[in-house]
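Listed below are the residues making up each chain.
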Amino acid sequence: MVTRAPAPRRLSPKQRRARAAAGVRRGVVSVLSMMFLILFGSLAAAMAITSRSNIITAATHQHVSRSLGAAETGLEIARARLTEAATRFVVAKGVVDSGFGQRLWRGTTNPSDGQVSVQPPTSYVNSQGTPSGLAEAVAQIHAMDNNTVVVAGISAPTIAPAPSGADPAVYDLTHWVRTPAVALNPQQAGVKSGTAFQIDYAPLASGTDIRVIVTGYDFDYTTRTTAASAGTPTYVTRRIMQDFTIVKRVNSAIVSPSKVMIGKNVLVEGDLGAAYTDVAQQYGDPVIMRSDFWGLETGLNTQLTRLFDALRDNDIDDDNRLRLGHPIEGAAVPDFSNLGYPGTSSDVTADGYLDEFDIFMMYYDQNRDGKVALSSPLSAGTPNAALSPEFVASGGLVIDDDLALLLDSANPDRNRNGIYSFTDANGNGVFDPGIDTLADTEEVDPSGVPAHLQTYIITAGGTSYVYRDQVLGFRDGVLDRRDSYAKVRGRIIIRVSDSTWTAAQGTWMNRVRGSIQAPTGSSSLQLNTPTSQLPDLDMHSFDTTETALQNAANGQTFAQQVATSLGVSVAQLATWTPANNPPEPAAPKYFPLAPDADNDGLPDNWETAHFEKMPFSSPNYYDFYYRPVYENMVFKNVQIPEGNNGLFRSCTFVGVTFIRSRTGNTHPNWGLYGKMMLDNTNRPKPFPSRFVYTGSFPPDFPGVTPPVMMATTPLDKADIPADEAPITQGYDTLPDPLVIDGARVVDTKRFSNNIRFHDCLFVGSTVTENPITYTQTRNKVQFTGGTRFTTKHPTEPDNPNLNPSPEHLPEIAKSSMMLPNYSVDIGSYNSPPSQNVKLKGAIVAGVLDIRGNADLEGSLLLTFKPVLGEAPLLDVMGVPAGNPAMFNSTIGYFGPEDGDDEALDPDTLPVVNGVRIVGWDTDGDGIADLGPGASPPAGAVAVPFHGFGRITLRFDPTMKLPDGILLPLQIDSRRETYKEASQ
């Protein structure tokens, strides 16, 4: 049977349309699927490409950062290497100018540059010889580098010309220093890895600046080699540069190799450097600093003691302040509820600290308004004149107007805009309302001035204005938080270590008082300081050759200027007597000292000549001087001859005053030859050089005790007759006689200079020789009374005869006083209120004592380094004697209990008619001739204690040094010149 296939099913039109529609939908799905596949594939590819790019970018950035970090490391290394190289060069020239700087770098200095010495390196043992210049010194340091790699063919430090294309307007084209690269990771032989830096030192056309160009490398990442690179891989690099300046500068307000003592009513702005190290001696503290507030009143002392007790155990950072909120210092803040200030409210100055000034404020602020009103004399003419005085003791007695004036006048330019606060019309150094004029004004709208400052508004001609510095508290008649008190606004830098000092003297905190406000990021007290930060000055730190200041003393001879003042010839001076002096009080006068014609060690007019104790007015003097006296004379660019030893009263010194003396004063008895003591007529006579003690002393010297006599006799071998020499015990230990110009010398006063200037005006500078040995009894300068220093005559500023020559002004501006290895006293032991000493620039002395009123802007550089066993710390037999700590520099008043035996103790002075006195004036000159404990003769007048005065010492970092001070060079970073560079 045949089976037939079934006939195909016929679809209806509807079915055909549905089937056709279904077929279309299946195509769309395929298309969409393909589209999504392409999209996701593209996205995946893009993400892969982007991720790879990001990974490459991140890796590249990492290597760039590594190379930049290496360059930054190199820049710090370069700064350190430049600094180390510079400090090796000790120079006498004061200013590094373009030519000198260039010669220093190249090593081509010449005799006109003065003394240039090169010290051994400190960080390595030098086997490369002494470098001729800074460039070679830098290369020598880099020659000691380890782990170096060769880049650009540099395998050792080289000094070479500048690369081609260097701009001669910017760069010096010679003496570039190029160093090999220093790797910062261990290296395998022949394979560079990790990071490295390479330094170029490029001297600039200025002559004083060095541009450091540092290239940082990352050897772990290279770019593709090209034909231009000749197959050498190109590493990832970054290059930075910064300029550095060669300078000569001191960094402290005081640099002293002897003990430094900062007294009451003394403020210091700048670092205080004390290099004294013999702390085992009695009074052997390197620094003594007295509180400005201790001793004002017993009640205040009680409150201060509470602070001192807390500081002793809790002052972590040695700044003599307690930080509120600190876990240790803050927890130790005493509660002053008894003064009305409980808890943290005792920080009345709102500076975050509790110090002595806060306690002073709490104690005297009677109405709790946050300020202490000063006495009526000080507030008169100020915005706060109407306030009732608060800084007074019970009964309304003024306590210490010198202190009040010091604090109210501190920081004259309080807004630091460079405008000094007032013009000192009367030249007394302080602002006197109604006499002087305040500066730095600002026009204001009275309605916008806060209520508490309304009294500071001044209206004139319809315009209202204020004095900007007075609004900030300057000389406004009150003491408050705006006066921003600090005893030392800087650091105290000390050579010895904490343990050495403490082991010798015990805890030193009770001997270093007053708040210390160091710059941000610096410690208040730095001990164990190296010489690189604190120069070890001594007399050798001063060039013995002539300086520009000495050369400026080129006026007429001293005798000619004296004769000109008197209106006579030089020849007439030989026969001048006091009777020849004119009667007018202000006329020039001359009281001569006759020569010693009979060789008895006395001027022939010794019975009438003027004499005085040495030191002047000291209760514990150690010699006497007969002096010629010069009054009311004018000297210009004068040289005072050696052996003058004069007293100058009310004289004017214009330009440079050069005090001459013999520099070769090395004989161990130089300070004893010519020593005098009072005889039975109460006048000085030479101390006998040899005598035999038989139980009594020569009749000319009654009352002298044996230790005084025996301590100074005999002086040398010539005092022993030849026939006695073999049997004289200790003869061989006596020094040989002093011989000068072929003759034996028994009086060294003729070859030294011990001078006193009283009530004098210096319009310029003073300078001396640089004696080899410090002999404080022979080479000494004393400025007493109302002595003043200025650079322009206060009343005749346009008179060429009374003002320095224009060509001398640049040197005068560098130093008001350059007296190396001399003993210098500014002010006496009872300085009068009229004293007003203003000094600027580098103040150089062997040892310096300042008392009374003084304002110093610059830096004190002291040269005498006391060493037991070296002159003058020897006895006549050459045996070490004395105490090095007694040769101290005192800024402010100190008494014997502090180691200053030449002064009186103010706390023990007797009271006469309600006033403390320093002694009795018997001749009407206002100076104490008898001590305070003496029985005064008829007619004697009590001399009152004039108080502690006020002293400010402000460091000037911009000051230029005079030639002659031997100090190491320094390097200043010019941070504003930092930049990244491509070449």
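About the criteria used
- Residue indices begin from 1 for each chain and proceed along its sequence in written order.
- Local features are withheld for residues below a pLDDT of 70 in this predicted model, meaning they are given only at 70 or higher, and side-chain atom pairs are given and counted only at 80 or more; totals for whole chains, interfaces and linings count all residues.
- Only hydrogens and water are set aside when side-chain values are computed; all heavy atoms of the structure are taken into account.
- Comment: elements are numbered from the N terminus, with helices defined as DSSP H or I runs of at least four residues and strands as E runs of at least two.
- All radius of gyration figures rest on C-alpha atoms, and the globule criterion is 2.2 Å times the number of residues raised to 0.38.
- Any two residues having at least one pair of non-hydrogen atoms within 4.5 Å are treated as being in contact.
- Calculation of accessible area relied on Shrake-Rupley with a 1.4 Å probe; when residues are assessed, cover is drawn exclusively from the protein chains displayed.
- Under this rule, positive means Lys or Arg and negative means Asp or Glu; His and the chain ends count for nothing.
- To locate a charge, the coordinates of NZ of Lys, CZ of Arg, CG of Asp or CD of Glu are taken.
- Classification of residues uses two cut-offs on accessible area relative to the type maximum, computed with a 1.4 Å probe and protein chains only: under 20% is buried, over 50% is exposed, and between them is partly exposed.
- Two strands form a pair only when DSSP identifies at least two bridges running between them.
- Here the aromatic set is Phe, Tyr and Trp, taking the six-membered ring for Trp, and pairing holds for ring centres within 6.5 Å; pairs whose planes are under 30 degrees apart are stacked, those over 60 apart are edge-to-face, and all others are tilted.
- By definition, being over a ring means that NZ of Lys or CZ of Arg is both within 6 Å of the ring centre and within 35 degrees of the ring normal.
- Here an axis means a line fitted to C-alpha atoms, over the contact stretch when the element is a helix, while the angle between two N-to-C directions is reported on a 0 to 180 degree scale.
- We call a crossing left-handed when the near helix sits turned anticlockwise from the far one by less than a right angle, and right-handed when that turn is clockwise.
- Throughout this entry, Asp, Glu, Lys and Arg are counted as charged residues, while Ala, Val, Leu, Ile, Met, Phe, Trp, Tyr, Cys and Pro are counted as nonpolar. The remaining residues, Gly among them, count as polar.
- Here, a salt bridge means any Lys or Arg side-chain nitrogen found within 4 Å of an Asp or Glu carboxyl oxygen.
- Among buried residues, the Ala, Val, Leu, Ile, Met, Phe, Trp, Tyr and Cys ones that are joined through side-chain atoms within 4.5 Å form a nonpolar core.

Caption draft 1: Seen up close, the overall build of the protein chain. Secondary structure summary: the protein chain contains 13 helices and 52 strands in total. Computed over the C-alpha atoms, the radius of gyration of the protein chain is 39 Å, more than 25% above the 30 Å expected from 2.2 N^0.38 for a compact globule of 983 residues. With the principal axes as the frame, the protein chain shows a C-alpha extent of 185 × 70 × 60 Å. Long-range contacts, defined as pairs at least 24 residues apart, comprise 66% of the intrachain contacts of the protein chain with a sequence gap of at least 6. Counting every atom, the protein chain has about 43500 Å² of accessible surface; 55% of that belongs to carbon and sulfur. The positive charge centre, built from 78 side chains, and the negative charge centre, built from 105, are 19 Å apart in the protein chain.

Caption draft 2: How the structure looks around the pairing of strand β44 (residues 837–850). Across the 14 residues of β44, 12 count as buried, placing the element largely inside the fold. The pairing of strand β43 (residues 817–826) with β44 spans six bridges and is parallel. In the strand pairing of β44, valine 824 is matched with leucine 848. For β44 and strand β45 (residues 852–862), the ladder comprises nine bridges, and the chain directions are parallel. Directly across from alanine 845, in β45, lies its bridge partner leucine 862. Here β44 pairs with strand β46 (residues 889–891) via two bridges, running parallel. The residue bridging isoleucine 850 from the neighbouring strand is isoleucine 891, located in β46.

Caption draft 3: Broad picture of the sheet that holds strand β51 (residues 967–968). The three strands are arranged β2-β1-β51 in an open sheet whose pairing can be described as antiparallel. The two strands at the open ends of the sheet, each matched to only one other strand, are β2 (116–118) and β51. Summarising the sheet, strand β1 (residues 89–91) and β51 pair through two bridges and their orientation is antiparallel. Residue pairing across strands places valine 91 opposite leucine 967, the latter belonging to β51.

Caption draft 4: Representation of unusual backbone geometry within the structure. In the segment running from methionine 614 into proline 615, the intervening peptide bond is cis, with an omega of 0 degrees. Within the secondary structure, proline 615 sits in the loop between β28 (610–614) and β29 (623–627). Cis geometry marks the peptide bond from alanine 871 to proline 872, where omega comes out at 5 degrees. Note that proline 872 resides in the loop between β45 and β46. For alanine 152, which is not a glycine, the phi torsion comes out positive at approximately 55 degrees. The topology assignment puts alanine 152 in the loop between β3 (148–149) and β4 (158–160). When its relative accessible area of 72% is taken as the criterion, alanine 152 is described as exposed. The phi angle at histidine 175 is positive, at roughly 60 degrees, despite the residue not being glycine. Inspection of the secondary structure assignment puts histidine 175 in the loop between β4 and β5 (176–178).

Caption draft 5: Quick look at the pairing of strand β34 (residues 652–659). The element β34 is extensively covered by neighbouring structure, given that eight of its eight residues are classed as buried. For strand β31 (residues 634–636) and β34, the ladder comprises three bridges, and the chain directions are parallel. Note on β34: the bridge partner recorded for phenylalanine 635 is phenylalanine 653. Across two bridges, the pairing between strand β32 (residues 639–640) and β34 is parallel. Counted as the bridge partner of glutamine 639 is phenylalanine 658 from β34. In the sheet, β34 pairs with strand β40 (residues 761–768) via eight bridges, with the strands oriented parallel. Counterpart to valine 654 in the pairing with β40 is valine 763.

Caption draft 6: Summary view of the packing of aromatic side chains. Scanning all chains against the criterion turns up 40 aromatic pairs. Pairing tyrosine 171 with tryptophan 176 gives two aromatic rings, centres 5.2 Å apart and planes at 50 degrees, and the pair type is tilted. Each member of the pair tyrosine 171 and tryptophan 176 is classed as buried. Taken together, a centroid distance of 5.7 Å and an interplanar angle of 20 degrees make the contact between tyrosine 217 and phenylalanine 219 stacked. Comparing tyrosine 217 with phenylalanine 219, the two get one shared label, buried. In this structure an aromatic cluster arises from ring pairing among Phe558, Tyr590, Tyr630, Phe635, Phe648, Phe653, Phe757, Phe762, Phe783 and Phe789. The ring of tyrosine 353 has arginine 321 lying over it, and the distance from NZ or CZ to the ring centre is 3.6 Å. A cation sits over an aromatic face here: arginine 513 above phenylalanine 308, 3.7 Å from the ring centre.

Caption draft 7: Representation of the packing of helix α4 (residues 298–314) against helix α5 (residues 356–364) in the model. The geometry of α4 relative to α5 is characterised by a closest axis approach of 10 Å and an angle of 145 degrees between their N-to-C directions. As for how α4 packs across α5, the hand of that crossing is right-handed. Only Glu356, Ile359, Phe360, Tyr363 and Tyr364 of α5 make contact with α4, whose side of the interface consists of Gly299, Leu300, Gln303, Leu304, Leu307 and Phe308. Across the contact of α4 with α5, the residue classes break down as eight nonpolar, two polar and one charged.

Caption draft 8: Representation of helix α11 (residues 558–566) in the model. Here α11 has its buried residues at Phe558, Gln561, Val562, Ala563, Ser565 and Leu566. Against the buried residues of α11 lie β27 (589–591), β30 (629–631), β31, β32 and β33 (647–649). Among the residues trailing α11, glycine 567 stands out with phi positive, at a value near 75 degrees.

Caption draft 9: Inspection of the sheet that holds strand β21 (residues 458–460) at higher detail. Taking strand neighbours across the sheet as the criterion, the three strands line up as β20-β22-β21 in an open arrangement whose pairing is antiparallel. Edge positions in the open sheet fall to β20 (441–443) and β21, since each of these has one partner strand only. On average, adjacent strands in this sheet sit at an angle of 40 degrees to one another, irrespective of strand direction.

Caption draft 10: Region of interest: the pattern of salt bridges. On inspection of all chains with the given rule, the structure shows 46 salt bridges. If you follow the salt bridges from partner to partner, you end up with Lys838, Lys840, Asp855, Glu857 and Arg954 in one network.

Caption draft 11: Examining the nonpolar core more closely. Residues Phe293, Phe360, Phe648, Phe653, Phe757 and Phe783 are the most contacted members of the largest nonpolar core, which totals 123 residues. The element contributing the most residues to this core is β44, with eight residues. Excluding residues within four positions of it along the chain, phenylalanine 648 makes contact with Phe558, Tyr630, Phe635, Ile640, Phe653, Ile755, Arg756, Phe757, His758 and Cys760. Formed by 32 residues, the second largest nonpolar core is a distinct cluster that contains Leu82, Val91, Val96 and Leu134.

Caption draft 12: Region of interest: the environment of phenylalanine 789. Topologically, phenylalanine 789 is positioned in strand β42 (residues 788–790). Judged by its relative accessible area of 5%, phenylalanine 789 falls in the buried class. A C-alpha to C-alpha distance of 45 Å links phenylalanine 789 and isoleucine 77, two positions 712 residues apart in sequence. Not counting residues within four places of it along the chain, the set of residues in contact with phenylalanine 789 comprises Phe762, Gly764, Thr766, Phe783, Ser816, Met817, Asn836, Val837, Lys838 and Leu839.

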